[in-house]
Every structure is written in C-alpha cells, then in structure tokens.
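# A look at the structure
Single-letter residue listing:
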Amino acid sequence: MNSATPFSKIGLFIFLCTINPSISSSEINEISENKRPAISLSNVKLDSFSQEGSLDLEIEATSLKQDTLSGQSHLKNPKVKLETPPGTLWLIKSQLGAVSRSDSNREGISEQRIELSGDVVISRRTAEGRLVEIQSDNFILLPQKQYAETLSSVTLNSSNNSTRAGKLSIDLSRGEMRLQSSSTQNVETKLRRPQIGER
C-alpha cells in the first residue's frame, strides 16, 4: 500500500500496541469506564493480497476502537472488500462492525471473525460484469474458512429478479450462494420486468 495514504494499517496498529501499550501521537489511548485499556483510530485501512495478486481481504472504517486486552475491535461505517474466487469481487458495507479472533484450535490456529450489522449491503460482481446486490440486517464473515452467512432475512436483487429469503450462506471459495427459508420467511422470487431498451 502506498505509504502516502491517509489510512492506518490495522496490522501495524496492533503491533505497536503490543510493543508499546502507551503509544499516543495520532492514535488516541483511552481508558474506558471499566478501566479496560482501549485504543481508538480514525480512517483505518487493512489490506492483504494473495501471491497471485488478487485481493484477499480489505477492511476500511471511519473509526476503530480496540480493547487491547481481548483484542476485539469495534468499527464504524466498515467496508469489507475481497476477491474470491479470482475475478469475483465482493463489497460489503454496514453501519457497525466487530473484528475478533477465536481461541486456537487443535492445530494452534486462531481464526478471524468479522461481524457486520445495521443496513448491510453485499455486492458481488463477476469478471463478466454481472452484479448481484443483497440487503440484510447482519453479516458474518469467516475469512480463513472462506465462508459467510446472515442470521436474518435477506433481499437479493439481480438484473432480472428480486428474491426474499430467510437467510443466506456463501461458499466464497466457489462463489456460490445458498438461499434458505426460515420460520418467518420463505424463499420468494419476483421477476423484474425489463425496462424500455433492455433485453
């Protein structure tokens, strides 16, 4: 990433907090009401690319507040971008977000978990230019597992139809989406009438 960018990298931020918990300068070191140390940043950006040059994951937020004891970060106005499979671009926007890590599994691997909530909009654009937009109240992304899901109903809009469903799960490695019914919402599709000039 260009060093002239106004954004700060979350990875560098976490590293600095680890070696120097009292770091200040442009970062704001705060103590919350329950005396747990927390650090706040504004205009945050983290990105990582695969060896092939595709975008593995990018997170932007207007503000980030991290509990330095638990490592959990809370985001405002987060935007998450990823490219998987190569050529398929995902963009997820919401009002709020949280980034955390699970306890290490038997292999000693700690997995990242990204939870987004509040007017979530998920866009998927393929290499052929086909665009699908999904709206929901929440979205959970597990980057290491290449898996994502919603816990509430979704509306999926494409060029020729609109579909309501109780929940959504995504296999990111294959770019496959699965719509399911819930106790309150069945899967319902309405065909969109072509506008004048469309085929």
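Scroll up a little and you will see the structure.
Here is what the cut-offs are and how they apply
- Residues numbered from 1 in each chain as written.
- Predicted model: local features only at pLDDT ≥ 70, side-chain atom pairs only at ≥ 80, totals over all residues.
- Heavy atoms only, no water.
- Helix = DSSP H or I, 4+ residues; strand = E, 2+ residues; numbered from the N terminus.
- Buried < 20%, exposed > 50% of the residue type's maximum accessible area, 1.4 Å probe, protein only.
- Lys, Arg positive; Asp, Glu negative; His and termini not counted.
- Salt bridge = Lys/Arg side-chain N within 4 Å of Asp/Glu carboxyl O.
- Polar contact = N/O pair within 3.5 Å; in protein donor to acceptor, adjacent residues only side chain to side chain.
- Core = buried A, V, L, I, M, F, W, Y, C linked by side-chain atoms within 4.5 Å.
- Contact = heavy atoms within 4.5 Å.

## Observations concerning the side chain of R124
- Structurally, R124 is set in strand β8 (residues 112-125).
- Although buried, R124 forms no salt bridge, and the nearest oppositely charged side chain, E128, lies 8.4 Å from it.
- One polar contact links the side chain of R124 to the main-chain carbonyl oxygen of G175, over a distance of 2.8 Å.

## Looking at the nonpolar core
- One finds V80, I92, I114, F139 and L141 to be the most contacted residues of the largest nonpolar core, which totals 27 residues.
- At the level of secondary structure, the elements contributing two or more residues to this core comprise β2 (37-49), β3 (55-67), β5 (79-83), β6 (89-93), β8, β9 (131-142), β11 (154-157) and β13 (167-171).
- When neighbours within four sequence positions are excluded, I92 is seen to be in contact with P78, K79, V80, L82, L116, V120, V121, I122 and F139.

## Observations regarding the side chain of S73
- With respect to the helices and strands, S73 occurs in strand β4 (residues 73-76).
- Look at S73 and you get buried, because its relative accessible area is 4%.

## Things to note about the pattern of salt bridges
- Within this structure, the stated rule accounts for seven salt bridges.
- Across the pair E58 and K81 runs a salt bridge whose closest N-O atoms are separated by 3.6 Å. Of the two residues, E58 sits in strand β3 while K81 sits in strand β5, which places them 23 residues apart along the sequence.
- Note on K81: relative accessible area 29%, which makes it partly exposed.

## Side note on unusual backbone geometry
- Looking along the chain, the bond that leaves T84 and enters P85 is cis, with omega of -10°.
- In this fold, P85 is placed in the loop between β5 and β6.
- At N77, a position not held by glycine, the phi torsion is positive, near 50°.
- Its location among the elements puts N77 in the loop between β4 and β5.
- Residue N77 is classed as partly exposed on the basis of its relative accessible area, which comes to 43%.

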